[in-house]
Structures are given as C-alpha cells and as structure tokens.
Protein chains: 2
Amino acid sequence: MEEQSSGKQGLRDRHKERTRTALIEAAMRLFAERGYGHVTVDDICADAEVSARTFFRYFRSKDALLGATFLDLSEAVLASLAEQPAGQDAWQSMRAALLECCADVDADSALFLQSYRVTNGAPDLFAASAGALIERERAVTEVLATRLTGRDRELRAQLLTGLGIVALRSAMEAWAGEDARRPLADVLPRYLRAVEQGPAELAR
Amino acid sequence: MEEQSSGKQGLRDRHKERTRTALIEAAMRLFAERGYGHVTVDDICADAEVSARTFFRYFRSKDALLGATFLDLSEAVLASLAEQPAGQDAWQSMRAALLECCADVDADSALFLQSYRVTNGAPDLFAASAGALIERERAVTEVLATRLTGRDRELRAQLLTGLGIVALRSAMEAWAGEDARRPLADVLPRYLRAVEQGPAELAR
C-alpha cells in the first residue's frame, strides 16, 4: 500500500484530489457571486470544466459538496488526533489536534469562510452531511477513549469530543464574524480556555 | 387569544395534539416491532387510524416524525428557559431548564428511548430535522444572551448552549445504555457536573 501511493495509484489519487478541489472551489466562487440557491450542478460543472457524470462521482448533490469542507476538516482532526504522542492526556490530544487543524482552515480561509456562511445562513443544507459528520464525531470519541483509563471511558470520551466541538464551533463563529481577518489558529485558544474554565465563568 | 384557548380553538388544538401523539406512538411501536426501514407511512396511518393526508398535515416524512420527539424536547427546554426567574444566572437557568425537561422524557420514557435508539443507529435519519434542531439551538442561545451582561454576550451564550447540549446528549446516551432503568432526571446531574468541572478533570 505504501509503495503504491508513490506510483501510478499516487498519480491517479492526486488527479482525483485536484478534480475534487476544483469542483469545491468553482462551487464556492459561484455561491459567493450568485447565492447558493441560484447555482446548479450544471453551473458548477461548466465552471470547473468537468461533466455532470464526473461531479456525481465525487458528490451526491450540491448540498453534499457544501458539507465536504467540514467533513474534510473533521477528517483532518481525526488524522491529527491519531498522530498525537502516545501517553499524552486525552484532552491535551484533542486540544492539539484542533489547533493543528486550524492550519487547514487558515490555508484556505476564503473557501472555509464561504462554506461557513452558506451553511450558517441555511442550516437545512447541513442535512446532507449530518450523518457523515456524526460518524466522524464518533470516530473521534473512539480515539479519545483509547487515551483514557478508569471508569466510563466511552462516556468521558464523548463529553471531551463534545467540549472540543463546542470550542471549535464558537471559535469559527467568532472568526467568521470578523471576516477571517485573524487566523483561526489565533482565535481558537481563547475558546478552548473558555471551555476549560467551565460554564460558571462564562455566565459571570 | 387567551380566551380562545379555553373555547373552540382549545378543543381543536387538543384534538390536533392527540392525533399527533397517536401518530408518533403508533410509529414508535411499529419501529420497535419491525425495524425503522420496514415501516411505511401507510403502515403508521393504518395503525393510528388516520389517512395519509392527515399524516402529512403533521409531518413532512417518516424521518421528520422521528425527529419530532427531539424537536418537542428542544421546544420544552426553550419554554422552560423563558420561565426561569429574572436575574438568575445564565448557566443556572440553562441547568434548571434541562433538568425540568427530563420530566418530559421520564413521563414518556419508552417513546424517547425508542426514538433515541432508532436515530442513534442511523444518524442520517436526523438529517430531516437537523435544520429545525439548529434553529432551536439558536433560539436557546438568544434567550441565554439576554441573561448575560458584559462583553461577547452572543458568543458566551453560544458556548453555554453548547455545554448544556453536550451534557444532555451524554446523559441520554448513558440513560439509554442502561435501558432507561433510572429516570433521566437522576442521570443528568452527573453530566452537568462533568461539564462544570471541565475537560481536565474528565481526562484524568
């Protein structure tokens, strides 16, 4: 498997990755210009210079494409979590994984900002990706559970996952609210600290 | 408006409420017997002795019916939040509202347990209600924001809402995991405390 990825398979994978990214970028550009509701799959295909058949090889629907940005982000969190040093505390691992993934958002901030705004304006659009996002959340919980000892590992891992997501979501809301002027990596730490300090501090 | 609710309108409302509840109960009974995928809208209608036309007056789809239990719960949290004493701290209000709403779950625990299990087994089913649930979450945030003073009220309210939901979701997971043997009202406090103590404590 390792060998394949630098050979033919690797080339094909990179081509696939480029096509997928081209479709997402074309879509986001068109959504920004015309509004989500006024863009069809055909418009996206024409802009990205691919056939509708190709589009549907990557995404089930226009809504699914929109969710892809956040699914990719949740994939990145998961991958980063798996790479955290063994023996590192579960919350420190979650924290580090979330902070690392800010780099992905910051490297493509216009794209993420646009996705965030379109879905935030019409939460129904998330429906197409809701199932997949919940699956990723469970996968994160499973990885965190392996870093816990003692009682109720699953439930504690679920709580830790939830707390991480709450921090990330609020940080993205703040980041989008100031038009991504500051990198997300600079915004998130404050929200992680807020979750660490707990609700009593927030309600003060 | 007040007067109407005890007159004709009130009767009609109560009839509507009964029909809706009858549909949900019939559906849950059939889901439990045959599995969600093997139950059609027609089956539900036959069991509840209503026409398909009536069904669609209450629910857009079978998936929407499934989400209704949790939408009702989020409505109850919202209503209870609005009734919390003025001047009570935002988190104490959220806490109290969540605990009060456990009574709704505990009064109908078989129905909630069944809904929880069906949606938990197939998160895609939540898609039909995802938009509506996010709307309720925002409404909760708005109410909490009115109970905050100082800087960043919106964002702090969003964090508090998120923390409350994390506690409730984990509590429901634990409650369902032990077949609703204990009332949710007895399970939730521990998860509220876990969120209050913060992630460092959970990761220990």
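Residues numbered from 1 in each chain as written. Chains lettered and ligands numbered in written order. Predicted model: local features only at pLDDT ≥ 70, side-chain atom pairs only at ≥ 80, totals over all residues. Heavy atoms only, no water.

### A short note on the overall build of chain A
Assigned secondary structure in chain A consists of 10 helices and zero strands. Beginning at the N terminus, the succession of helices and strands in chain A can be written as α-α-α-α-α-α-α-α-α-α. On C-alpha atoms alone, chain A measures out to a radius of gyration of 18 Å, which is about the 17 Å that the 2.2 N^0.38 rule sets for 204 residues. When its C-alpha atoms are laid out on the principal axes, chain A stretches across 55 × 50 × 30 Å. Within chain A, the proportion of its 204 residues that are buried is 49%. For chain A, contacts bridging at least 24 residues in sequence account for 64% of all contacts bridging at least 6. Carbon and sulfur atoms form 50% of the exposed surface of chain A, whose accessible area is close to 10200 Å². Counting 26 positive and 31 negative side-chain charges, chain A places the averaged centre of each group 2 Å from the other. (Helix = DSSP H or I, 4+ residues; strand = E, 2+ residues; numbered from the N terminus. Rg over C-alpha atoms; globule rule 2.2 N^0.38 Å. Buried < 20%, exposed > 50% of the residue type's maximum accessible area, 1.4 Å probe, protein only. Contact = heavy atoms within 4.5 Å. Areas by Shrake-Rupley, 256 points an atom, 1.4 Å probe, with all protein chains shown as cover. Lys, Arg positive; Asp, Glu negative; His and termini not counted. Charge placed at Lys NZ, Arg CZ, Asp CG, Glu CD.)

### Looking at the confidence of the model for chain A
Residues and elements named next belong to chain A. Of the residues in chain A, 96% reach a pLDDT of 70 or more, and the chain-wide mean stands at 89. Predicted confidence for residues 1–6 stays below pLDDT 50, and this span has four contacts to residues more than four positions away or in other chains. Both confidence scores are given for the complex: pTM 0.85, ipTM 0.82. (pLDDT = per-residue confidence, 0-100.)

### Regarding the interface of chain B and chain A
Taken together, the contact between chain B and chain A spans 38 residues of the former and 37 residues of the latter. Ranking the residues of chain B by area buried against chain A places L159, P199 and L202 of chain B at the top, with a combined share of 19%. For the pair chain B and chain A, the interface holds four salt bridges. For the salt bridge of R169 of chain B with E137 of chain A, the shortest nitrogen-to-oxygen distance reads 3.2 Å. Joining chain B to chain A, the criterion identifies 10 residue pairs in polar contact (both at pLDDT 80 or more). Of all the secondary structure elements, the ones that give two or more residues to the side of chain B that touches chain A are α5 (90–107), α7 (127–146), α8 (153–177), α9 (184–197) and α10 (199–203) of chain B. In terms of residue count, α8 of chain B provides more of the side of chain B that touches chain A than any other element does, 12 residues in total. (Buried area = accessible area lost by both parts, 1.4 Å probe. Salt bridge = Lys/Arg side-chain N within 4 Å of Asp/Glu carboxyl O. Polar contact = N/O pair within 3.5 Å; in protein donor to acceptor, adjacent residues only side chain to side chain.)

### Looking at the packing of aromatic side chains
Under the definition given, this model contains nine aromatic pairs over all chains. Pairing F70 of chain A with F112 of chain A gives two aromatic rings, centres 6.4 Å apart and planes at 75°, and the pair type is edge-to-face. Highlighted residues: F70 of chain A in helix α4 (residues 62–82) and F112 of chain A in helix α6 (residues 109–121), separated in sequence by 42 residues. By relative accessible area, which is 6% here, F112 of chain A ends up buried. Ring centres of F55 of chain B and F59 of chain B lie 5.7 Å apart, and the angle between their planes is 55°; this geometry places the pair in the tilted category. The same class applies to F55 of chain B and to F59 of chain B, which are both buried. The structure contains a cluster of three or more aromatic residues connected by ring pairs, namely F55, F56, Y58 and F59 of chain B. For K62 of chain A, the ring lying beneath its charged end belongs to Y36 of chain A, and the centroid distance is 4.1 Å. (Phe/Tyr/Trp six-rings, centres within 6.5 Å; stacked < 30°, edge-to-face > 60°. Lys NZ or Arg CZ within 6 Å of the ring centre and 35° of its normal.)

### Looking at the environment of Y191 of chain A
Positionally, Y191 of chain A belongs in helix α9 (residues 184–197). As a C-alpha pair, Y191 of chain A and D108 of chain A span 83 residues in sequence and 21 Å in three-dimensional space. Beyond its immediate sequence surroundings of up to four residues, Y191 of chain A is in contact with A167, S170, A171 and A174 of chain A together with L155 and L159 of chain B.

### Focus on the packing of helix α6 (residues 109–121) of chain B against α8 of chain B
Residue and element names in this part refer to chain B. Running from amino to carboxyl end, α6 crosses α8 at an angle of 105°, the nearest separation of the two axes being 11 Å. Classed by the angle they form, the pair α6 and α8 counts as roughly perpendicular. The residues of α8 that touch α6, namely those facing S109, F112, L113, Y116, R117 and N120, are R169, M172, E173, W175 and A176. Class assignment for the residues of the contact of α6 with α8 results in six nonpolar, two polar and three charged. (Axes fitted to C-alpha atoms, helices over the stretch in contact; angles between N-to-C directions. Parallel < 35°, antiparallel > 145°, perpendicular 65-115°, else oblique. Nonpolar A, V, L, I, M, F, W, Y, C, P; charged D, E, K, R; others polar.)

### Description of unusual backbone geometry
The phi dihedral of E49 of chain A falls on the positive side, at around 55°, and the residue is not glycine. Overall, E49 of chain A belongs to the exposed group, its relative accessible area being 74%.

### Digging into the environment of Y58 of chain B
Residue and element names in this part refer to chain B. With respect to the secondary-structure elements, Y58 resides in helix α3 (residues 52–58). For Y58, a relative accessible area of 21% puts it in the partly exposed group. For the pair Y58 and E142, spaced 84 residues apart in the sequence, the C-alpha separation amounts to 27 Å.

### Considerations on the relation of the copies chain B and chain A
Screw-axis analysis of chain B against chain A gives a translation of 0.0 Å along the axis, an RMSD of 0.0 Å, and a rotation angle of 180°. On this basis, the relationship between the two copies can be described by a two-fold rotation axis. In terms of C-alpha distance to the rotation axis, chain B has A127 of chain B as its closest residue, with the C-alpha 2.1 Å off the axis. A shared binding surface is used by both copies, with 97% of the interface residues of chain B retained as interface residues in chain A. (Least-squares fit on C-alpha atoms with pLDDT ≥ 70 in both.)

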